[in-house]
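# Residue-level structure breakdown
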Amino acid sequence: MLYPLKFKPILKETVWGGKRLANKGNIQNPDATIGESWEISGVQDNLSVVSEGALADNTLEELIGVYMGDLVGDHVYDTFGIEFPLLIKYIDAQQNLSIQVHPDDAIAKERHHAYGKTEMWYLIDATPDASLILGFHKDTDTSEYLAHLQKGTLPDLLHTQPVRRGDCFFIPAGTVHAINAGCFIAEIQQTSDITYRLFDYNRLDRNGLPRELHTELATEVINYRTEEHRIPYHNHPNHTEELVDCKYFTTNYLKFNREIEKDYIELDSFVVYMCLSGQFTLVYDIDQSVHVNAGETVLVPACFKSIFLIPDKEAEILEIYIS
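These figures come from a predicted structure and were not determined experimentally. (Residues numbered from 1 in each chain as written. Predicted model: local features only at pLDDT ≥ 70, side-chain atom pairs only at ≥ 80, totals over all residues. Heavy atoms only, no water.)

What follows is about the overall build of the protein chain. Helices and strands together make up the secondary structure of the protein chain, namely six helices and 18 strands. Over its C-alpha atoms the protein chain spans a radius of gyration of 20 Å, differing by no more than 12% from the 20 Å that the globule rule assigns to 323 residues. Taking the principal axes of the C-alpha coordinates as reference, the protein chain spans close to 65 × 40 × 40 Å. Burial statistics for the protein chain: of 323 residues in total, 53% are counted as buried. Within the protein chain, contacts between residues at least 6 apart in sequence are counted, and of these 75% link residues at least 24 apart. Accessible surface computed for the protein chain: about 14,600 Å², of which carbon and sulfur atoms make up 47%. Seen as two clouds, the 26 positive and the 49 negative side-chain charges of the protein chain have centres 6 Å apart. (Helix = DSSP H or I, 4+ residues; strand = E, 2+ residues; numbered from the N terminus. Rg over C-alpha atoms; globule rule 2.2 N^0.38 Å. Buried < 20%, exposed > 50% of the residue type's maximum accessible area, 1.4 Å probe, protein only. Contact = heavy atoms within 4.5 Å. Areas by Shrake-Rupley, 256 points an atom, 1.4 Å probe, with all protein chains shown as cover. Lys, Arg positive; Asp, Glu negative; His and termini not counted. Charge placed at Lys NZ, Arg CZ, Asp CG, Glu CD.)

A word on helix α5 (residues 142-151). In an α-helix, one full turn covers 3.6 residues, which means residues spaced three or four apart are oriented alike. Among the residues making up α5, those that are buried are Y145, H148 and L149. All buried residues of α5 project into a common sector of 100° when viewed along the axis, lining one side. Along α5, the residues that are exposed and aim more than 90 degrees away from the buried face are S143, Q150 and K151. The inward-facing, buried residues of α5 abut β6 (131-136), β11 (196-199) and α6 (215-219). One or two positions beyond α5, positive phi appears at G152, with a value near 75°. (Arc of directions from axis to C-beta.)

What follows concerns the pattern of salt bridges. A full pass over the atoms with the stated rule returns 14 salt bridges. E144 is the salt-bridge partner of K138, the closest N and O atoms lying 2.9 Å from each other. One salt bridge connects E227 with R225, and the closest N-O pair in it is separated by 3.9 Å. The exposed category is assigned to R225, whose relative accessible area is 54%. Here the residues in one salt-bridge network are E36, K89 and E187, joined through shared partners. (Salt bridge = Lys/Arg side-chain N within 4 Å of Asp/Glu carboxyl O.)

So, about unusual backbone geometry. Of note in the backbone geometry, D45 takes a positive phi value of approximately 75° without being a glycine. Residue position: D45 is located in the loop between β2 (34-40) and α1 (60-67). Under the relative-accessibility criterion, D45 is labelled exposed at 78%.

A word on the nonpolar core. Generally speaking, soluble globular proteins have nonpolar side chains that are buried together. In this structure, Y122, Y273, M274, F280, L282, L309 and L318 are the most contacted members of the largest nonpolar core, which totals 64 residues. With nine residues, strand β15 (residues 271-285) is the single largest residue contributor to this core. Those residues in contact with M274 that sit more than four places away from it in its chain are I88, K89, Y90, A186, I188, E296, T297, E316, I317, L318 and I320. (Core = buried A, V, L, I, M, F, W, Y, C linked by side-chain atoms within 4.5 Å.)

Here the focus is the sheet that holds strand β1 (residues 10-18). Strands sit in the order β1-β2-β3-β10-β5-β8 across an open sheet of six strands; the sheet is antiparallel. With one partner strand each, in any of the chains shown, β1 and β8 (168-171) form the two edges of the open sheet. The average undirected angle you get between the axes of adjacent strands in this sheet is 20°. Examined bridge by bridge, strand β3 (residues 86-93) and strand β10 (residues 183-190) share eight bridges and lie antiparallel to one another. In the sheet register, L87 faces β10, and the bridge partner there is Q189. (Pairing = 2+ DSSP bridges. Axes fitted to C-alpha atoms, helices over the stretch in contact; angles between N-to-C directions.)

A contiguous patch of negative charge, built from D70, D74, D78 and D268, is present on the exposed surface. Along the chain, D70 falls in helix α2 (residues 69-72). You can call D70 partly exposed: its relative accessible area is 45%. (Patch = residues over 30% accessible without salt bridge, like charges linked within 9 Å, V, L, I, M, F, W, Y side chains within 5 Å.)

Here it is in structure tokens:
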């Protein structure tokens, strides 16, 4: 029988990562820098595994194969089959990430037989000087971009966005972007691990070699126009606020200090809750519940249409589904 599912975090050691995600898994190396925790993943070779309950140790792909629409929703299953369509992450940047871009669905399918990557970021925390790189500070073109790239001055052409806790950004495929040092982020994206690296500050990898760049692959997928990526929203207690609603996912924000009832009778999709702060109890059936702590992520199967969220004092969550 299905129930709200938690998964074993898939931790990614990176040259730019920090220490705040290390407690999410069994890290043997005390000096390891963890850049990402993949909370829910359908990426091949990185499939999420259930961490507790009767279905523990089953992969997400295996469960979709058995439960189909009851788990992910009929429409989602008809569209994606056994591949879970979203990749849910936490990102801890203690150094600047590389400047990069992702292809859209059409180019990703043509080149890699994969989906493209449109994503969004929610700033769980940020140092006073934290920032993001989001597109260009003025409309440009291929020749100007390549000239700056060749001179090693690409950052001069890009828009640097100061950030603070609670900021939210939408990053469509084709947007040149980077997460800079001091950002702790919840990321929701399409199921894709295709990244074209444009510039990496001449850093070396752990073997002392320059990190690979993807100049030719990236050039024709870039959006050279300036666009606004910051998502304004209101933070009203006990009120669900929409952050992003696109064809790939819908993400809402909720901070609550009293019981909240969720009615999903009209929704043909799974629901994911990322607990950003506090803790809460998720009641999904008569006398059936699961406790969710800060930093945990839980997937509610599509078959559950009435949910109650009961906070321990106060909780702050992201609610994610496909509409």
